[in-house]
Amino acid sequence: MKILAVCGSGLGTSFMVEMNINQILSELGVTDVEVSHSDLSSAVPGDADVYFLAKDIADGGAHLGDVVVMESIIDMDELRTKVKKVLEERGIIL
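Going along each chain's sequence as written, the residues are numbered from 1 onward. Per-residue local features are limited, in this predicted model, to residues with pLDDT of at least 70; the limit for side-chain atom pairs, both in listing and counting, is 80 or more; totals at the level of whole chains, interfaces and linings are taken over all residues. Hydrogen atoms and water are omitted, and side-chain values are computed over all heavy atoms in the structure.

Ranked by size, the top nonpolar core spans 19 residues in total, and within it Ile-21, Leu-25, Val-33, Phe-52, Leu-79, Val-83 and Leu-87 carry the most contacts. Strands here mean DSSP runs of E at least two residues long; helices mean DSSP runs of H or I at least four residues long; both are numbered from the N terminus. If you tally residues by element for this core, the top one is helix α2 (residues 76–89), at 5 residues. Throughout this description, the term nonpolar core refers to a set of buried Ala, Val, Leu, Ile, Met, Phe, Trp, Tyr and Cys residues connected via side-chain atoms within 4.5 Å. Accessible area is worked out with a 1.4 Å probe on protein chains only. A residue is then buried under 20% of its type maximum, exposed over 50%, and partly exposed in between.

What follows is the structure in structure tokens.
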């Protein structure tokens, strides 16, 4: 499975979210998920199985497919909950 963290410019914000998702995956012992980051204008459907976007760009990323909208990009509890939900829905964790 591949997760793509997306932000408006593809620099700091999406990279931070990528690192935080990788930290959560590590905590959960999940090793078979690839995480990367991109800017919104470069992200296209098929780049990933799931796209994590901040709520301020969610409308612009609706065309990507399976989008997870984050209310706060710095809230690790929210991100942890949403990552776990995606992994559970896809049968990666129980």
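A few words now on the pairing of strand β3 (residues 50–54). Consecutive side chains along a regular strand alternate between the two faces of the sheet. Burial analysis of β3 places 5 of its 5 residues in the buried class, the great majority of the element. Burial along β3 is two-sided: Val-50, Phe-52 and Ala-54 facing one way and Tyr-51 and Leu-53 facing the other are all buried. Strand pairing follows a simple DSSP-based rule, namely that at least 2 bridges must link the two strands. Judged from the 4 bridges that link them, strand β1 (residues 2–7) and β3 form a sheet pairing that is parallel. Bridge pairing in β3 places Ala-5 opposite Phe-52.

For this document, the term salt bridge refers to a Lys or Arg side-chain nitrogen within 4 Å of an Asp or Glu carboxyl oxygen. A complete count under the given rule lists 7 salt bridges for this structure. Among the ionic pairs, Glu-34 bridges to Lys-2, the shortest N-O distance being 3.8 Å. Of this pair, Glu-34 sits in strand β2 (residues 34–39) while Lys-2 sits in strand β1, and the two are 32 residues apart along the sequence. Since its relative accessible area comes to 47%, Glu-34 is described here as partly exposed. By relative accessible area, which is 24% here, Lys-2 ends up partly exposed. For the salt bridge of Lys-85 with Glu-89, the shortest nitrogen-to-oxygen distance reads 3.8 Å. Remark: Glu-89 and Lys-85 occur in helix α2; sequence separation between them is 4 residues, near one turn of the helix. On the accessibility criterion, Glu-89 (57% relative accessible area) is exposed. What you see here is one network of salt bridges that share partners, running through Glu-27, Asp-77 and Arg-80.

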